[in-house]
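Here are the chains, one letter per residue:
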Amino acid sequence: MTRIHIPVPLTVGASLDLPDDAARHVAQVLRMKIGEPLTLFNGDSGEYAATITATGRRDVSVSVDRFEPVDRESRLDITLAQCVSKGERMDYTVQKAVELGVTRILPLLSERSVVKLDAERWDKKLEHWRGIAVSACEQSGRTRLPEVLPVQKLEAWLASSDQALRLVLAPTESVSLRSLPAATKIALLIGPEGGLSDNEIAAARRAGCVGIGLGPRVLRTETAGVAALAALQLLWGDLG
């Protein structure tokens, strides 16, 4: 079933036009016709069954038929604090993190970050990542849209305070996730392509981060976060 995120209130019996991007995808890519079913969601802890009532080259109208109170969200509240990587690597990380149930993604800039952009281009990057998150929610069946927060510097995030179990992934660490007490609110820090510097790892520890390892091999930045998220879901979340 085709799923579409609609960032507006939805009510059973209503008729509405799909947003431009969604309409183009339904009409031009999927070539769906009048009478075919769709599933809509807007983050209200459920889904809405809908039917296409009209199509054009750039617009699609639907009727909202019924509400399904489903919830496919993880019981874990996870923030992925991911140092920005180049191009498709960051895209992959965002996509897979959403599929694995992350609650929010915080892009960070660190000493070894290789992506350097001005404010306008960072805004465009942010919108691009948010679009990837929407698509990943539609594909994976999620019923809430995770946040993709504005980019900030690593030191600013470390100086902030929250009640989460803060973890930093480092190749030199031997502490395993299995050895830690279970937690439901977690912040996971992942370095960029060149990894976090020794000074940054030390600063993370001073900020309350627990250093963890994921085995004897060094993982690429786009693999590390995904592997750690899968492990967290297996140990304490919805894969356990």
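My aim in this report is to walk through the structure given alongside it, one point at a time. (Residues numbered from 1 in each chain as written. Predicted model: local features only at pLDDT ≥ 70, side-chain atom pairs only at ≥ 80, totals over all residues. Heavy atoms only, no water.)

Its place among the elements puts Ser 197 in the loop between β11 (185–190) and α5 (198–206). Looking at Ser 197, the relative accessible area reads 5%, which means it is buried. A distance of 3.3 Å separates polar atoms of two side chains, one belonging to Ser 197 and the other to Glu 111. (Helix = DSSP H or I, 4+ residues; strand = E, 2+ residues; numbered from the N terminus. Buried < 20%, exposed > 50% of the residue type's maximum accessible area, 1.4 Å probe, protein only. Polar contact = N/O pair within 3.5 Å; in protein donor to acceptor, adjacent residues only side chain to side chain.)

With that out of the way, let us pick up helix α2 (residues 87–99). Taking 1.5 Å per residue as the helical rise, α2 with its 13 residues ought to reach 18 Å, and the 19 Å between its terminal C-alpha atoms agrees with that figure. Regarding α2, the residues found buried are Met 90, Asp 91, Thr 93, Val 94, Ala 97 and Val 98. Along the axis of α2, the buried positions cluster into a sector of 160°, meaning they face one direction only. Next to the buried residues of α2 lie β6 (77–83), β7 (104–109), α3 (119–140) and α6 (221–236). Just downstream of α2, Gly 101 is the residue with a positive phi angle, here 90°. (Expected span 1.5 Å × (residues − 1). Arc of directions from axis to C-beta. Contact = heavy atoms within 4.5 Å.)

This next bit is on the packing of aromatic side chains. Following the criterion strictly, the structure yields two aromatic pairs and no others. Judged by centre distance (6.4 Å) and plane angle (50°), the rings of Trp 122 and Trp 129 are tilted. Residue Trp 122 shares its accessibility class with Trp 129, and that shared class is buried. Geometry around Phe 41 places Arg 3 over its ring, the cationic atom sitting 4.3 Å from the centre. Of note, Arg 166 hangs over the ring of Trp 157, and the distance from its end group to the ring centre comes to 4.2 Å. (Phe/Tyr/Trp six-rings, centres within 6.5 Å; stacked < 30°, edge-to-face > 60°. Lys NZ or Arg CZ within 6 Å of the ring centre and 35° of its normal.)

What follows concerns the pairing of strand β3 (residues 37–41). Counted residue by residue, β3 has four buried out of five residues, so it is predominantly covered. Looking at chain direction, strand β1 (residues 3–5) and β3 are connected through three bridges and run parallel. Across the sheet, Ile 4 pairs through a bridge with Leu 40, a residue of β3. Pairing analysis gives four bridges linking β3 to strand β4 (residues 47–55), with the strands arranged antiparallel. Paired with Leu 40 across the two strands is Tyr 48, which belongs to β4. (Pairing = 2+ DSSP bridges.)

Taken in spatial order, the five strands of this open sheet run β1-β3-β4-β5-β2, and their pairing is mixed. Here the strands that pair on one side only, and so sit at the sheet edges, are β1 and β2 (15–17). Averaged over neighbouring strand pairs, the angle between their axes works out to 40° when direction is ignored. Here β2 runs beside strand β5 (residues 60–68); their pairing, made up of three bridges, is antiparallel. What sits directly across from Leu 16, in β5, is Val 62. On top of the sheet, helix α1 (residues 20–29) reaches β1, β3, β4 and β5; it is set at about 100° to β5, its chief contact. α3 rests against β1 and β3 of the sheet, and its axis sits at about 145° to β1. (Axes fitted to C-alpha atoms, helices over the stretch in contact; angles between N-to-C directions.)

Scanning the model with the defined rule gives 16 salt bridges in all. The partner of Asp 77 in a salt bridge is Arg 104, with the nearest N and O atoms 2.7 Å apart. Taken as a pair, Asp 77 in strand β6 and Arg 104 in strand β7 lie far apart in primary sequence, 27 residues in all. With a relative accessible area of 17%, Arg 104 lands in the buried category. (Salt bridge = Lys/Arg side-chain N within 4 Å of Asp/Glu carboxyl O.)

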